[in-house]
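Chain by chain, the residues run as shown.
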Amino acid sequence: MALLEIDNLTVEYPTRFGVVTAIRDVSLKLEPGRIHGLVGESGAGKSTVGAAVMGLIASPGRVASGSIKLTGEELVGADDNLRRGYRGKRMAMIFQDPLTSLDPLFTVEDQLIETIRHHLPFTADQARKRALTLLEAVGIDDAPRRMRDYPHQFSGGMRQRVVIALAICTEPELIIADEPTTALDVSVQKQILALIRRLARRHDIGVIFVTHDIGVIGEVTDFVSVMYQGEVVETGPTELILGGPQQRYTKSLMAAVPRLGKRLPRFPTPGGDIGGKGGDDAEAWLLRRDETSTSTAVINAETANQMLNVDRITVEFGPGGLFGRGQRVRAVDDVSFAIGRGEVLGLVGESGSGKSTIAKSIVGLVRPDSGCIWYGDADLCARDSNEAGAVRHEVQMIFQDPYSSLNNRWRIGDIVAEPLSVYRLAESRRQARALVASVLDLVGVGRENMHRYPHQFSGGQRQRIAIARALVARPRLLVCDEPTSALDVSIQAQILNLLKDLQARLGLTILFISHNLPVVRQMADRVVVLRNGRVEETGEAEAFFNEPQSAYGKELLAETPSLHLLGPVIAMI
Amino acid sequence: MASLARRWRDFTLNNEIVYLWLRAPAAQIATLVATVLIAATLAAPLVAPTDPFDLATFSILDSFVPPVWTDGGDPRFILGTDDQGRDLLSSILYGARLSILVGAAAIAFAVVIGVSLGMIAGYFGGWLDTVIMRVADVQLSLPAIMTALLIDGVARGILPAARHDDLMFYVLVGAIGLSLWVNFARTARASTLVERGKEYVQAAEILGVGRFRILLTHILPNIRGPIMVIMTVDLAVAILLEATLSFLGVGVPASQPSLGTLIRIGNDYIFSGEWWVVAFPALTLIVLIISVNVVGDFLRDALNPKLR
């Protein structure tokens with residue numbers, strides 16, 4: 001008998017706009033000790049499947065039809081008390097954010113013992129012993145001492161280990177893992193994935209593994225169901241689905257996944273490309289380098305090919321103000337690198353490595369405590385420098401979160417037009433409007449949308465609007481800080497294609513910042529690897545990805561989920 | 001016609017506040033009551049039976065006429081008359097008009113001061129923030145009524161006595177406004193802190209948009225929701241403060257009675273049987289305050305998804 005059998009499950013949410021079907025006719029079967037992946041883009045309904053199994057569909061949502069059987073026992077329509085008894089005992093859940101899924105007011109020991117004693121007939125001493133064994137099993141060093149700590153005293157990865165210990169403490173048969181590694185760095189992700197896999201095998205636990213990341217699916221699952229708009233489009237053994245997808249949607253999804261092994265000129269987009277058409281006026285205007293450009297005045301031979309030179313900058317954060325005291329933290333420590341004209345430089349590193357702080361220093365949001373940043377002959381860090389002011393518009397930035405980078409109260413035509421009025425780049429209102437319209441065409445949003453507000457656009461379109469705003473300032477250097485990290489993989493492919501196209505058409509120089517090595521692989525000509533605010537390695541992208549020189553670079557590459565299961569891109573289309 | 005109906009339906013579905021309002025009977029009733037009351041009082045010169053400020057229109061002989069439905073009522077005076085023979089309904093309409101005008105002007109004053117200081121404190125931070133918010137803390141440790149009394153008293157001492165009657169309106173607005181700005185400053189500061197961290201503000205900073213222009217064109221439109229909520233709730237507080245000051249005899253001059261003045265006058269006759277002189281102005285004040293408060297609470301809930 002299968003551990004979990006889901007049959008034609010349909011979940012509906014009545015809303016004021018009518019009934020929304022979150023998932024429709026989803027079926028899957030899970031055997032003990034196996035890991036079944038649910039993969040899909042945001043809104044595909046993958047988390048809803050997990051919530052339905054746990055009986056956690058929030059009112060007014062409801063299971064409209066179908067059945068969920070746990071070892072043959074029907075759960076849909078079952079008594080609430082019965083299901084509550086099963087939750088935590090027979091089925092457990094691991095959430096995305098380990099910080100919010102633990103109670104900050106209780107020690108790890110208290111939380112484990114409470115759960116164990118609630119579900120199993122243990123004395124406090126027995127429960128404590130069991131808690132200790134579990135913490136050791138999930139790889140917490142010095143467990144007897146650490147178990148008396150509070151959740152905030154653990155790092156993100158350690159915290160997720162505690163959550164896993166909590167999930168397995170009652171010997172459940174089934175675990176629902178909902179994006180359990182999404183909030184973690186790759187090095188930690190690798191360990192957590194290995195842990196989940198080992199526990200599933202050893203304790204014969206069936207795992208439903210929900211994720212948006214194809215790489216993680218390839219790393220950890222035995223079977224996979226690909227979901228799209230609430231339906232399962234394709235299901236089967238992981239290596240078969242990843243290696244040779246049959247359905248159109250699955251193929252386009254796989255084709256959009258950036259590969260670590262090889263750099264492609266652009267991503268294949270079977271659904272057709274958006275943008276790149278029209279916008280000729282804007283292109284001509286952006287390419288015209290006339291009196292508005294000041295930085296080209298004096299160029300000596302040595303720096304002729306350098307667009308930007310970051311020279312030993314250090315940035316510290318810490319308490320300041322009237323009553324500030326305490327330790328200052330060095331976010332960027334003596335970092336130097338240069339970007340050549342027309343080059344794409346990839347800046348990679350894990351969270352806390354200082355990537356974003358460097359980006360902010362370059363665009364002038366943060367002033368380095370020491371060192372300088374040379375843009376041509378202008379020092380961008382000089383206080384109240386006229387030179388810096390004159391070239392400021394040539395350095396623009398694209399942000400990570402397109403939902404917060406646009407002012408929701410402004411029409412997008414006004415958002416894109418703002419740089420024109422700030423820098424007085426247009427001769428008349430009419431020219432400004434014409435330029436904005438043309439730039440919107442250029443980035444693939446369409447001039448007819450000028451009068452709409454940001455909330456009427458999807459994440460990908462918003463990012464295009466943000467790119468349009470940066471372009472209108474006539475930049476020569478574009479700083480992109482994780483520009484696709486908040487986007488689905490197919491949208492990411494389109495945005496990366498757009499950036500590549502714009503770079504080719506306008507001769508832009510790009511500083512591309514990302515924690516995602518496969519994405520950097522597809523974009524960068526050269527890479528700079530950061531760790532704890534220091535440069536670990538600098539080199540040509542081709543050489544770095546083939547044979548990293550530093551130990552840390554090797555480690556990073558090894559920890560990135562490999563996509564060896566994926567077939568060649570050409571076969572996908 | 002059909003498309004008009006559809007557009008109305010889309011509008012009621014997509015506009016969060018309209019959608020929720022149509023499903024909140026309490027808010028609907030309160031909005032209706034507040035609107036009728038405020039409209040009637042603002043239009044007092046048009047709708048009131050007599051002008052209570054015009055000495056020629058009333059006679060001392062009509063004093064203490066009870067309401068029309070009781071024994072001895074007079075159809076000319078629906079709610080009866082006061083000690084000087086003035087029509088109570090007209091007095092209430094004119095009095096509430098003055099109360100609402102003082103309240104609204106005081107709130108406008110408090111918003112301008114509070115929101116500007118709060119936004120500056122939140123956006124610039126550092127010592128400016130420290131100084132502004134410590135002043136606000138000191139202000140908050142004094143009861144609003146005490147601040148208002150203090151400012152009122154000082155103003156009375158400074159201003160020439162002959163012009164008291166003309167200037168009292170402004171003194172009252174200033175006194176109430178200055179005692180209520182802290183709420184706006186705190187809310188504006190907290191919201192500005194949130195917005196300042198968002199990337200659209202950083203995008204404007206990178207463009208080199210001036211700091212005050214960022215505050216006015218980018219941040220202000222995004223923090224107006226919570227400020228509007230406080231405006232509604234504090235409008236009730238301001239009207240109450242005005243009534244309290246007038247009741248204590250330090251508000252508007254007696255020749256131009258506000259609701260508070262009317263209640264003070266009526267207070268003298270509670271135990272001599274002329275209950276209506278105090279009851280109707282007080283009732284008006286209560287209904288006005290409650291309806292404005294219910295509307296304010298509705299707005300607060302509607303604009304704050306966490307409370308839903």
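Residues numbered from 1 in each chain as written. Chains lettered and ligands numbered in written order. Predicted model: local features only at pLDDT ≥ 70, side-chain atom pairs only at ≥ 80, totals over all residues. Heavy atoms only, no water.

1. Things to note about the side chain of A:Ser67
Residues and elements named next belong to chain A. Spelled out, the test is: Working definition: helices are DSSP H or I runs of at least four residues, strands are E runs of at least two. Numbering for both runs from the N terminus. The rule is simple: take the accessible area with a 1.4 Å probe, protein chains only, and divide by the maximum for that residue type; under 20% is buried, over 50% is exposed, in between is partly exposed. Whenever a nitrogen or oxygen atom comes within 3.5 Å of another N or O atom, the pair is scored as a polar contact, on the condition that within protein one atom can donate a hydrogen and the other can accept it, and that pairs from neighbouring residues in sequence are kept only if both atoms are in side chains. Here, residues are in contact when the closest pair of their heavy atoms is within 4.5 Å.
By secondary structure assignment, the location of serine 67 is in strand S4 (residues 62–70). Residue classification places serine 67 among the buried residues on the basis of a relative accessible area of 12%. Of the polar contacts made by the side chain of serine 67, one reaches the side chain of glutamate 74; its length is 3.5 Å. When residues no more than four places from it in sequence are discounted, the contact partners of serine 67 are Glu5, Ile6, Asp7, Glu74 and Val76.

2. Re the sheet that holds strand S1 (residues 4–15) of chain A
All names here are of chain A. Basically, it comes down to this: When DSSP finds two or more bridges between two strands, those strands count as paired. Interaxial angle, 0 to 180 degrees, is taken between N-to-C directions of lines fitted to C-alpha atoms, where a helix line uses only the stretch in contact.
Here 4 strands make up an open sheet; going across it, the order is S2-S1-S4-S5 and the pairing antiparallel. The sheet is open, and its two borders are formed by strand S2 (18–30) and strand S5 (73–74), each paired with just one other strand. Pairing between S1 and S4: 7 bridges, direction antiparallel. The residue of S4 that forms the bridge with glutamate 5 is lysine 69. Packing against the sheet, helix H1 (residues 46–54) makes contact with S1, S2 and S4, and its axis sits at approximately 105° to S1.

3. Side note on the confidence of the model for chain B
All names here are of chain B. The condition is simple: pLDDT is a per-residue confidence score from the predictor, ranging from 0 to 100.
Chain-level statistics for chain B give a pLDDT mean of 87 and a share of 98% at 70 or above. Put simply, helix H1 (residues 2–14) is where chain B has its lowest mean pLDDT, 80, and helix H5 (residues 88–124) is where it has its highest, 94. Interface scoring of the predicted complex returns ipTM 0.81; its pTM is 0.84.

4. Concerning the interface of chain A and chain B
Often, the extent of an interface is quoted as the loss of accessible area upon association of its parts. What counts is decided by this rule: Buried area counts how much accessible surface, traced with a 1.4 Å probe, disappears from two parts once they are put together, with both parts' losses summed. What counts as a salt bridge is simple: a side-chain nitrogen of Lys or Arg found within 4 Å of a carboxyl oxygen of Asp or Glu. Residues were grouped as follows: Ala, Val, Leu, Ile, Met, Phe, Trp, Tyr, Cys and Pro as nonpolar; Asp, Glu, Lys and Arg as charged; and all remaining residues, including Gly, as polar.
Across the contact, 28 residues belong to chain A and 22 residues belong to chain B. Of the roughly 2200 Å² buried between chain A and chain B, counting both surfaces, carbon and sulfur atoms make up 57%. The interface formed by chain A and chain B holds 0 salt bridges in total. The tally of links between chain A and chain B comes to 10 residue pairs in polar contact (both at pLDDT 80 or more). Counting only elements with at least two residues in the side of chain A that touches chain B, the list comes to helix H12 (355–363), strand S16 (395–398) and helix H14 (412–423) of chain A. With 5 residues, the single largest contributor to the side of chain A that touches chain B is H14(A). When the residues that make up the side of chain A that touches chain B are grouped by side-chain class, the tally is 14 nonpolar, 7 polar and 7 charged.

5. Quick word on the side chain of A:Arg146
All names here are of chain A. Take arginine 146: it is sitting in helix H5 (residues 143–146). Using a relative accessible area of 18% as the deciding quantity, one classes arginine 146 as buried. With sequence-adjacent residues up to four places away left out, arginine 146 is seen in contact with Ile140, Asp141, Gln153 and Phe154.

6. Side note on the pattern of salt bridges
All names here are of chain A. For the structure shown, the criterion picks out 33 salt bridges over all chains. In this structure, glutamate 171 engages arginine 130 in a salt bridge whose closest nitrogen and oxygen atoms are separated by 3.9 Å. Here the residue glutamate 171 occupies a position in the loop between helix H6 (156–168) and strand S7 (174–178), and arginine 130 occupies one in helix H4 (residues 124–137), the gap between them amounting to 41 residues. Assessed through its relative accessible area of 57%, glutamate 171 is described here as exposed. Salt-bridge contacts for arginine 447 lead to aspartate 441; the nearest nitrogen and oxygen are separated by 2.8 Å.

7. Observations concerning the packing of aromatic side chains
Using the following cut-off: Two rings from Phe, Tyr or Trp (for Trp, the six-membered ring) form a pair when their centres are within 6.5 Å of each other. A pair whose planes differ by under 30 degrees is stacked, one over 60 is edge-to-face, and the rest are tilted. Two conditions define a charge sitting above a ring: the NZ of Lys or the CZ of Arg must be within 6 Å of the ring centre, and it must be within 35 degrees of the ring normal.
Scanning all chains against the criterion turns up 10 aromatic pairs over all chains. Taking the centre distance of 5.2 Å and the plane angle of 85° together, the rings of B:Tyr123 and B:Phe124 count as edge-to-face. For B:Tyr123, a relative accessible area of 7% puts it in the buried group. With a relative accessible area of 26%, B:Phe124 lands in the partly exposed category. Looking at A:Arg16, its charged tip hangs above the ring of B:Tyr19, at a distance of 3.7 Å from the centre.

8. Some remarks on unusual backbone geometry
All names here are of chain A. Residue proline 60 is reached from serine 59 by a cis peptide bond, and omega for that bond is 10°. When you line up the elements, proline 60 lands in the loop between H1 and S4. If you check the backbone angles, aspartate 334 has positive phi at about 55° while not being a glycine. Mapped onto the elements, aspartate 334 comes out in strand S12 (residues 329–340). Looking at aspartate 334, the relative accessible area reads 32%, which means it is partly exposed. In this structure, glutamate 482 is a non-glycine residue whose phi angle is positive, near 50°.

9. Considerations on the environment of A:Gly40
Residue and element names in this part refer to chain A. Relative to the elements of secondary structure, glycine 40 occurs in the loop between strand S3 (35–39) and H1. Taking relative accessible area as the criterion, glycine 40 reaches 3% and is therefore assigned buried. Between the C-alpha atoms of glycine 40 and alanine 382, which are 342 residues apart in sequence, the distance is 48 Å. Leaving out residues up to four positions away in the same chain, glycine 40 has contacts with Lys46, Thr211, His212 and Met227.

10. A word on a nonpolar patch on the surface
The cut-off we apply is this: Like charges within 9 Å and nonpolar side chains (Val, Leu, Ile, Met, Phe, Trp, Tyr) within 5 Å are joined into patches, using only residues over 30% in relative accessible area that form no salt bridge. The protein chains shown are the only cover counted for residues, whose accessible areas, like all others here, come from Shrake-Rupley with a 1.4 Å probe.
Together, B:Val68, B:Trp69, B:Ile78 and B:Trp275 make up an exposed nonpolar region whose accessible area comes to about 410 Å². Mapped onto the elements, B:Trp275 comes out in the loop between helix H11 (259–267) and helix H12 (276–303).

11. Thoughts on the nonpolar core
Heads up, the rule is: We call a set of buried residues a nonpolar core when its members are Ala, Val, Leu, Ile, Met, Phe, Trp, Tyr or Cys and they connect through side-chain atoms within 4.5 Å of each other.
Ranked by size, the top nonpolar core spans 138 residues in total, and within it A:Ile467, A:Leu471, A:Phe512 and B:Ile176 carry the most contacts. A total of 14 residues in this core trace back to one element, the largest contributor, which is H5(B). Ranked by size, the runner-up nonpolar core spans 40 residues in total, among them A:Ile35, A:Val138, A:Phe154 and A:Leu193.

12. Observations concerning the sheet that holds strand S10 (residues 231–237) of chain A
Residue and element names in this part refer to chain A. Overall, mixed pairing links the 6 strands, which are arranged S6-S7-S8-S3-S9-S10 in an open sheet. Strands at the two margins of the open sheet, each flanked by one partner only, are strand S6 (91–94) and S10. Here the strands of the sheet are splayed against their neighbours by 15° on average, with no regard to which way each runs. Taken together, the 5 bridges between S3 and strand S8 (residues 206–211) define a ladder with parallel strand orientation. When the sheet's bridge partners are listed, histidine 36 is paired in S8 with isoleucine 208. Those strands touched by H1 are S3, S6, S7, S8 and strand S9 (223–228), and its axis lies near 150° from that of S7. Contacting S6 and S7, H6 crosses the sheet at an angle of about 170° to S6.

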